Each structure stands twice: as C-alpha cells, then as structure tokens.
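If you want the building blocks of each chain, they are given just below.
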Amino acid sequence: MGYADRLSDKERKHYFRVAVTSAMVGAISTQLIESNALIVLYLTMLGSSESLSMFSTGLPSLSHLILLIPCASFAARFGLRKTYTFSSFAGFAAFLLIAAAPLAGKFAGLVVIGACFIYALTLTVYTSTWYPLLDNILQPEDRSPFFSRMRFTYMLFNAGLLFVLGKILDAKPGLAVLQSAFVIAGLGLIGRKFCMDALPIDPDMKRESPDLKASLTTCLHNQPLVGFSIYLCFMYMAFSAAMPLALVYMKRELALAGGTIMVITSVNIIGKVTGFWLLARLTKRFSMRTLIISVHLATFAAVLFLLFLIPDMPFLPWFFGSAFFILGVIHALLLNINSVEMLALAKPGNKIMAIAFCSTAIAIGTAAGTTLTSLLLGCGALAPKWLFMGMELTKFQLLFAIYALAILFFLILLPLVPAVIRKHDDYYNP
C-alpha cells in the first residue's frame, strides 16, 4: 500500500489544492521568462541586441534537454526537500539579479542573460522533484483527474497573467515597473517553496541512489519505461514542429495580418484549456489504451488538415483557427497522458530518475523536430513549390505531409506502450 493510500479523502483533497497553488505561484516566474515579451522588452530597454534577447527565452528548454537527468541525480543525493528549497532560493536570487541588472551599466544585458541561465538551471532542478513529490499524494486513480484539474486551473491563471502582462506592455512601462515585476516573480518562487513544504513525503520512503550510472541502468532495464520514452520521443519529433511551422507559414507565405495570427494563437490556448477539462471526463469513460490510440490518430488527422490549407481558400483564418484549436486539445491530452503514464511506469526506488529519463526523451524529440525543420527551411534543400496530383503546393505543405506520414508510420511503435499492450511480468502500476 502506497503512502497516498494511507491519507484520508479530506487530506488528499487539501493537498491537491496546495499543489495547484504551488504550480500557480511558480507560474509567474516561468511566464516572465518564457512568454518572451517582457524579458525581451527589458533587455531592449537595457540596450541589448535582438539575438541576445531571443536567446534568453530559449534557455529553460535547453537546460531541460541537457541537465534534467543530472539534476535528478542531484535530487536523489540531497532529497526532495533540500533540492526544491535550493532551487527556490537560487531562482529568487536570479530574479533579484535581473531586477538589479541596470546597476551593471553597459554589462546589464550580460547580467540578465547570466541570471536567466541561473534560473533555467533552478527550474530544471525543481522539475526533478515535482512529480516524485506528487506521487506521495496521488493514488493511481487520482492521477488523471488531478493533472486535468491542475493544468486547467494553471492555464486559466496563465491566460490571466498574460493579459495583465499585455496591459503592462501596452502602457509602455518604465524600467522600475519591469524591475518590480521581476521581484514579484522571484517572491512567487518563495511562495511555491512554502506550498511544497506543506505537501507530505512518506517518512518510510528510502532515499534513492545518487549514483547516476546505477540509476540510469535501472531505467534502461525498465523495458516498459524505455518503450514509452521511445514512443514519446518520436511522436514529439513529428508533432512539436507543426504549430511553429504553421505560424511561419501564415506569416511568410500567406501574409496574414499580425493581429489575425495572434487571435489564431490564442485559440490554441483555448484548445489546451478545453483538453485539460476534457481529460478528467474522458478517463471515466475510456481506457488509457483507447485514449492513447485515439490521440495518436487525432494528431495525424490534425497535422494532415494543415497540409490542405492553401492560400486561395475562402475563410482561411477560420480553418487555421480550427486547426490550432484541435492541436491545442491534442497537446493537452498528450501532456496529461504523459504525466499519468510516467508515474505508472516509474519503479519504486527509482522514480526521480525514471521521470527525468522520460521527460528528457520528450525534450530530445521536441528539439529534434524543431531543429530539423529549421535546417530544412534554412539550407534551401526544399523547392519553394512542388506538384502533387496536378496541384501546386508549397514547401511548408510538403513538411506538413512529412509530419503526417511520420505520425502515421509511428503507429508501429504503439506496441512499446504498456497501456496499449500489457506485459504483466514488467512493472506497471496504472
């Protein structure tokens, strides 16, 4: 019997609320760095170059790709409490450094980039503790409803936060206003730490091995975990670049107005919120096997739909909006399925490293998909136009066709997913 089974329903519901609050107060710092606008404006006001400004927004993703597994070993060595406490205070210090950057004069931009890098490291350290901490309060049947509700609330909070940030930017704020926003974001990290302190940890839980090689070896011998990670890596490789490519397609090839593109992008957020709301209801009616197969086929259909959106089509923005809404729903469902299955596949005594292993596979697939797409567009390997059954299509549509065919081909990987084909002699706790 797991520790979560020993908690009463009232206790678990209380801890669920605490966990959601933790995610929301921590979201302030993430949005300020990853939403691009505020940090880019701040660096511009400090006189930094455009390339330096854009580089700062990609640091969290790069950190996750490279450092998530080493940070999991760090968390195993020092324990969950000490690890996220270090992350929170180091992140707070990073945001104070960002706010104080103007004092560095001509080196202010470099100070901000350095502080963003520190924050990216702390975010990766924090991520290595989040899922193992949740595992102490979630029963297997709680996982899907919890992640659905948490992310639904989180997305609504983020939407409100982005609205407030937009209003701040519309008002053309001075440097002091932006500095205050970064200090508030740093305080949010301290608030997140106190919320996480209120979440329980099984007192009988044994400390996981800090030996990186031994932990990774355990992961590699966990065949269901490896199979699921391989499946996710290839799925994200084919899926993750579709929406960024569609944005470039709308701007460069179709010359849609910036305001129209922003509206279409916001519809994607509505789709994500809808997906998070839907999953709790879908899991009550359908098995995880049915959901995974359905989401896979829906991903293929959505990406294939983008292939047939051509410049002279009437009501083109409406069709793009529909596609972005569906992609948002799919992204939300896929994210929640990943979270539920990672906890189900992580063996006791190796949960921190197992989750980091699976998350790294997702990061590799995402980075590979976007990088390969960028290289194909940048190196001129694709002809601007090509013919298909008498129709003249663009290189963007060719890429959408490649994505769709790849997703269809990756159906052959579904037997690697334990929820689809159960292997009862392997560890799996759905």
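Residues numbered from 1 in each chain as written. Predicted model: local features only at pLDDT ≥ 70, side-chain atom pairs only at ≥ 80, totals over all residues. Heavy atoms only, no water.

A. Molecular detail of the packing of helix H10 (residues 223-239) against helix H13 (residues 288-307). The geometry of H10 relative to H13 is characterised by a closest axis approach of 11 Å and an angle of 25° between their N-to-C directions. If you check the angle between H10 and H13, you find them roughly parallel. Crossing geometry of H10 relative to H13 is assigned as left-handed. Along its contact with H10, which presents Tyr231, Met235 and Phe239, the element H13 presents Ile292, His296 and Thr299. A per-class count over the contact of H10 with H13 returns four nonpolar, two polar and no charged. (Axes fitted to C-alpha atoms, helices over the stretch in contact; angles between N-to-C directions. Helix = DSSP H or I, 4+ residues; strand = E, 2+ residues; numbered from the N terminus. Parallel < 35°, antiparallel > 145°, perpendicular 65-115°, else oblique. Left-handed = near helix turned anticlockwise from the far one by under 90°. Contact = heavy atoms within 4.5 Å. Nonpolar A, V, L, I, M, F, W, Y, C, P; charged D, E, K, R; others polar.)

B. Summary view of the environment of Tyr403. With respect to the helices and strands, Tyr403 occurs in helix H16 (residues 395-409). A C-alpha to C-alpha distance of 9.6 Å links Tyr403 and Met235, two positions 168 residues apart in sequence. If near-sequence neighbours (up to four positions away) are discounted, Tyr403 is found in contact with Ala238, Ala241, Ala242, Leu245, Val303 and Thr373.

C. Spatial organisation of the packing of H10 against helix H14 (residues 316-345). At their nearest, the axes of H10 and H14 sit 11 Å apart, and the two run at 165° to each other. When the axes of H10 and H14 are compared, the pair comes out roughly antiparallel. Our pair here, H10 against H14, has a crossing hand that is left-handed. Note on element contacts: H14 touches H10 through Leu327, Ile330, His331, Leu334, Leu335, Ile337, Asn338, Glu341, Met342 and Leu345, opposite Pro224, Leu225, Phe228, Leu232, Tyr236 and Phe239. Of the residues contributing to the contact of H10 with H14, the split by class is 13 nonpolar, two polar and one charged.

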